[in-house]
Amino acid sequence: MRAIWTIAKRDFRTLVTSPLFYFTLFICTSVWSFVFLRSIQEFSLRSSRAAAMGGQEMNIHFYVFGNHIGLINLLVIFCIPAITMRLISEEKKSGTFGLLLTSPITATDIALGKYLAGFMLALIYIFVGFLFPLGTLAFADFSLKLLLASMLGVVLMTGVYVALDLFASSMTQSQFLSIILCIVLNVSLWFFFQGGQSSSNEVLDAVLDHLQFAKHLGHFVYGSVSTSSIIFFLSVIFFFVFLTQRVVESARWR
Amino acid sequence: MIEVKNLTKLYGERVAINNLNFKVRKGEIVGFLGPNGAGKSTTMKIITGHMAPSQGQVLVDGFDVFEQPIEVKKRIGYLPENPPVYMDMFVKDYLTFVANLKGVNKKQIKELVEKAIEKTNLQDVSKRMIQNLSKGFRQRVGIAQALVSDPEILILDEPTVGLDPKQVAEIRKLIQSLKGQHTVVLSTHILPEVQATCERIIIINQGQIVAEDTLDSLTTRMQGSKRLHLRIRKVNGVIEKLNKMAGVTSVQVNGQFMDVDYDGEENTVENISKLIVNDDAGLLELRHENIGLEDIFIRLTSEGGLQ
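Residues numbered from 1 in each chain as written. Chains lettered and ligands numbered in written order. Predicted model: local features only at pLDDT ≥ 70, side-chain atom pairs only at ≥ 80, totals over all residues. Heavy atoms only, no water.

Visitor: Mind showing me how you'd approach the sheet that holds strand β4 (residues 55-60) of chain B here?
Guide: Strand-to-strand pairing in sheets goes through backbone hydrogen bonds, with the strands running parallel or antiparallel. Taken in spatial order, the 4 strands line up as β2-β1-β4-β5 (chain B) in an open sheet, and their pairing is antiparallel. Two strands bound the open sheet, and with one partner strand each, they are β2 (14-24) and β5 (63-64) of chain B. (Pairing = 2+ DSSP bridges. Helix = DSSP H or I, 4+ residues; strand = E, 2+ residues; numbered from the N terminus.)

Visitor: What is the right way to read the confidence of the model for chain B from this model?
Guide: Low-confidence regions, as indicated by low pLDDT, have predicted coordinates that should not be scrutinised in detail. In this model, chain B carries a mean pLDDT of 84, and residues with pLDDT of at least 70 account for 94%. Looking at the elements of chain B, mean pLDDT is at its lowest for helix α8 (residues 215-222) of chain B, recorded as 68, and at its highest for helix α3 (residues 91-101) of chain B, recorded as 94. (pLDDT = per-residue confidence, 0-100.)

Visitor: What am I meant to see in the side chain of Q245(A) here?
Guide: Residue and element names in this part refer to chain A. Looking at the secondary structure, you find Q245 in helix α11 (residues 227-253). Polar side-chain contacts of Q245 include one of 3.2 Å to the side chain of R246. The residues contacting Q245, other than those within four sequence positions of it, are A107, T108 and A111. (Polar contact = N/O pair within 3.5 Å; in protein donor to acceptor, adjacent residues only side chain to side chain. Contact = heavy atoms within 4.5 Å.)

Visitor: Even after reading the chapter, I still don't get the interface of chain B and chain A, so can you show me in this structure?
Guide: The parts lose accessible area when they come together, and the size of an interface is often stated as this lost area. Contact with chain B, which involves 29 residues of that partner, is made by 23 residues of chain A. Of the roughly 2200 Å² buried at the junction of chain B and chain A (both faces included), carbon and sulfur atoms supply 61%. The tally of links from chain B across to chain A stands at 2 salt bridges. For R13(A), the salt bridge identified is with D93(B), shortest N-O distance 3.9 Å. (Buried area = accessible area lost by both parts, 1.4 Å probe. Salt bridge = Lys/Arg side-chain N within 4 Å of Asp/Glu carboxyl O.)

Visitor: Is there a simple way to think about the sheet that holds strand β12 (residues 248-254) of chain B in this case?
Guide: Residue and element names in this part refer to chain B. With antiparallel pairing, 4 strands are arranged side by side in an open sheet as β12-β13-β11-β14. With one partner strand each, in any of the chains shown, β12 and β14 (283-289) form the two edges of the open sheet. Direction aside, neighbouring strands of the sheet carry axes that sit 20° apart on average. Two strands pair when backbone bridges link them, and strand β11 (residues 226-232) and β14 are joined in this way by 6 bridges, in the antiparallel orientation. (Axes fitted to C-alpha atoms, helices over the stretch in contact; angles between N-to-C directions.)

Visitor: I keep staring at α3(B) and nothing clicks. Help me out?
Guide: Because the α-helix completes a turn every 3.6 residues, residues three or four places apart line up on one side. In terms of burial, α3(B) is largely enclosed, as 8 of its 11 residues are buried. Every buried residue of α3(B) is listed here: V91(B), Y94(B), L95(B), F97(B), V98(B), A99(B), N100(B) and L101(B). (Buried < 20%, exposed > 50% of the residue type's maximum accessible area, 1.4 Å probe, protein only.)

Visitor: Looking at this structure, I do not really get the packing of aromatic side chains. What am I missing?
Guide: Considering all chains together, one arrives at 19 aromatic pairs over all chains under this definition. On the basis of an interplanar angle of 75° and a centroid distance of 6.2 Å, the ring pair of W32(A) and F132(A) is categorised as edge-to-face. A residue pair is termed long-range when its members are at least 10 positions apart, and W32(A) in helix α2 (residues 19-52) and F132(A) in helix α6 (residues 107-136) qualify at 100 residues. The exposure class assigned to W32(A) is buried, which follows from its relative accessible area of 0%. Taking 5.6 Å as the distance between ring centres and 80° as the angle between the ring planes, the aromatic pair formed by Y86(B) and F97(B) counts as edge-to-face. Of the two residues, Y86(B) sits in the loop between β6 (76-79) and α3 while F97(B) sits in helix α3, which places them 11 residues apart along the sequence. Accessibility assignment for this pair places Y86(B) and F97(B) in one class, buried. Here the aromatic residues W32(A), F36(A), F65(A), F132(A) and F142(A) are joined through ring pairs into a cluster of three or more. A cation over an aromatic ring shows up here: R10(A) above the ring of Y86(B), its NZ or CZ 3.5 Å from the ring centre. Sitting above the plane of the F97(B) ring, R10(A) keeps its charged end 5.7 Å from the centroid. (Phe/Tyr/Trp six-rings, centres within 6.5 Å; stacked < 30°, edge-to-face > 60°. Lys NZ or Arg CZ within 6 Å of the ring centre and 35° of its normal.)

Visitor: For this particular structure, what's the right way to read a nonpolar patch on the surface?
Guide: All names here are of chain A. Taken together, the side chains of L20, F23, F26 and I27 define a hydrophobic patch exposed on the protein surface, amounting to about 370 Å² of accessible area. Position of F23 relative to the elements: it lies in helix α2. Residue F23 is classed as partly exposed on the basis of its relative accessible area, which comes to 49%. (Patch = residues over 30% accessible without salt bridge, like charges linked within 9 Å, V, L, I, M, F, W, Y side chains within 5 Å. Areas by Shrake-Rupley, 256 points an atom, 1.4 Å probe, with all protein chains shown as cover.)

Visitor: Explain the nonpolar core here, please?
Guide: General note: in soluble globular proteins, nonpolar side chains tend to be found buried as a group. By size, the foremost hydrophobic cluster in this structure holds 96 residues, and its most contacted members are Y125(A) and Y94(B). For this core, the element with the most residues is helix α7 (residues 144-171) of chain A, which contributes 13 residues. Setting aside residues no more than four positions away along its own chain, Y125(A) makes contact with F21(A), T24(A), L25(A), C28(A), W32(A), V76(A), C79(A) and I83(A). Formed by 28 residues, the second largest nonpolar core is a distinct cluster that contains I29(B), L186(B), L215(B) and L300(B). (Core = buried A, V, L, I, M, F, W, Y, C linked by side-chain atoms within 4.5 Å.)

Rendered as C-alpha cells:
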C-alpha cells in the first residue's frame, strides 16, 4: 500500500508540473468556455420563445449539459494520452524503470501506483469541465442529482481511458508511439462495438450491445446509475490495469 | 551471502553468460572484472532481480532471487550502469522517494537520507534539480541512491564512471569503508580500481569465469613466468638464439626493445645476458618487469584461461 502511494505521489507531481498539462487544460477550457456560452445563449433564446408560445418547458440538462458532457469526453480522449504517455514509456527510456524493478515492490504496486497518478490527474480535467454546469447553478434551477450522475459516468469513462493509456504506455519506450497508440485506442472504444447488432446470433448481439461504451455512458447522462454499468466500467479498468501489471511483470522474466 | 549456481543467460541465440558459479561471503568486497560485453552487467541484473536467468539459480542470504524477489530486493542496493535518476526531481526528494520505495522505516528516512548525502558529498547540491547536475554529480546521486536504504549488499555497476580523479578517490575510499558491514560487488574494467578496493577478484570473459582469486595469489600464480625487459642495439642477431634458449618461453620485439618471458630461474637470466654480451649485440638496458594485474587481465581475456 505504501509503495503504491509512493509511486502515485511521485508520478502525480511530475505530471502536474509538466507544461503539457497546463497547455492541454488551457485548450480544454478555451473550447469549453466558447461552446458552453454559445449553447447557454441559444438555450435561453429558445426556451423563452417556447415559453412565450406556451410550449413545453425545455430541460437545460439535455439541451446544454448533454452537449457539454459530450465535449468533455471528446477533449479528454485526446488530452489524457498527452499526459499518460509518459507514465511508463519515459521510465523505460531513462532507465528509472530498473529502479522500480529492483525495489522490494511488486508489479501490482507499480501498475496501481501509476494508474492512481494518471487517474488523479484526469480528475482535474473532469472537475474543471464540470465547473461550467455547476456554475450555472447560480442563475438556473435544475436537478443537481442528474448532473452528479453524469459526472460519475464521465469519471468512470475517464478511468477506462487512463487504464487503456497506461497499458499503451507500458508497451513502448517511445513517447510518440505511446501517444499515437493511446489516441487510437481511446477513439476506437467508440467505434469498436458499433454495428455488432447486425449479426444473426442473438447471444452475440446481446454481448456486443453490452460492450458499447456509449450506451453505458448514456445511462449515466440520463440519470440512471445502474450497477451493471458501474461493474462494466470497473471491470474494463481492472482488465487493462491487469494487462499493464503483466507487461511490467514480464520485464522480470524476459 | 550471494551464491550463484550454474547461471546462464541467453539473448536469443547469443550466450551472454555461460554457466557461472561463484560465491560472495558476508562483508567481502569482490571485484567483477572483464572487458566490455563480457557479461558483467547481465550477471548483476540477474542478481538484483531485474532480469531472469535462462538457467541456474541465485541465492541471496538464502533467498532465491526468482522465488522470493521481495526478500532479496530488500537486502540489495543497486547502482546500474546509468544512474536511475528522475531528471525532474530535487536530489533530496529523490533520495527520500527511493528510501520510501525500499521500505525504509518512516522514522529513519530523514536520517538515512542525510547520511547518504553526507557519504557521497552531495550537501551542496541536495536542493538542486537532478537535470541541472553534471554527469559526475548524477553518478554520485546514483551511488547515494544505492546506499540510502542501508542495505546489507551493494551491487555497483561501474561506480566511478564519469567522475573526476578526486571524486574517484573519494568513492574508492567510501567503498573501502563499507568493508566488514556491507557486502559489496562492484564491476569495472578499470584495473586500478579493483587493485585499490577489492579483496577478491572474479575475472570474466565471454560469459565465463576465467579466474577467481585474491589479488595477491593471482599475481603470484602468474609469476610462474617472469619477464625481462631488454634494450639492444643490434636486435636481429640475437632473436633466433634467444628463442632457442632453454628456459625462454617467448620473445617479443619492438624496435630496439625486447620483452623476454622466461621460467624464472636465475641461470636463464645469466645465460641471456651472456649470450647478448658475447654476441656483441650492444646491451643497453636489462631489467625485470613486474607482471601487474593489467597483464594478467590481458592474458586471461585474450588467451581464454589461466590453465
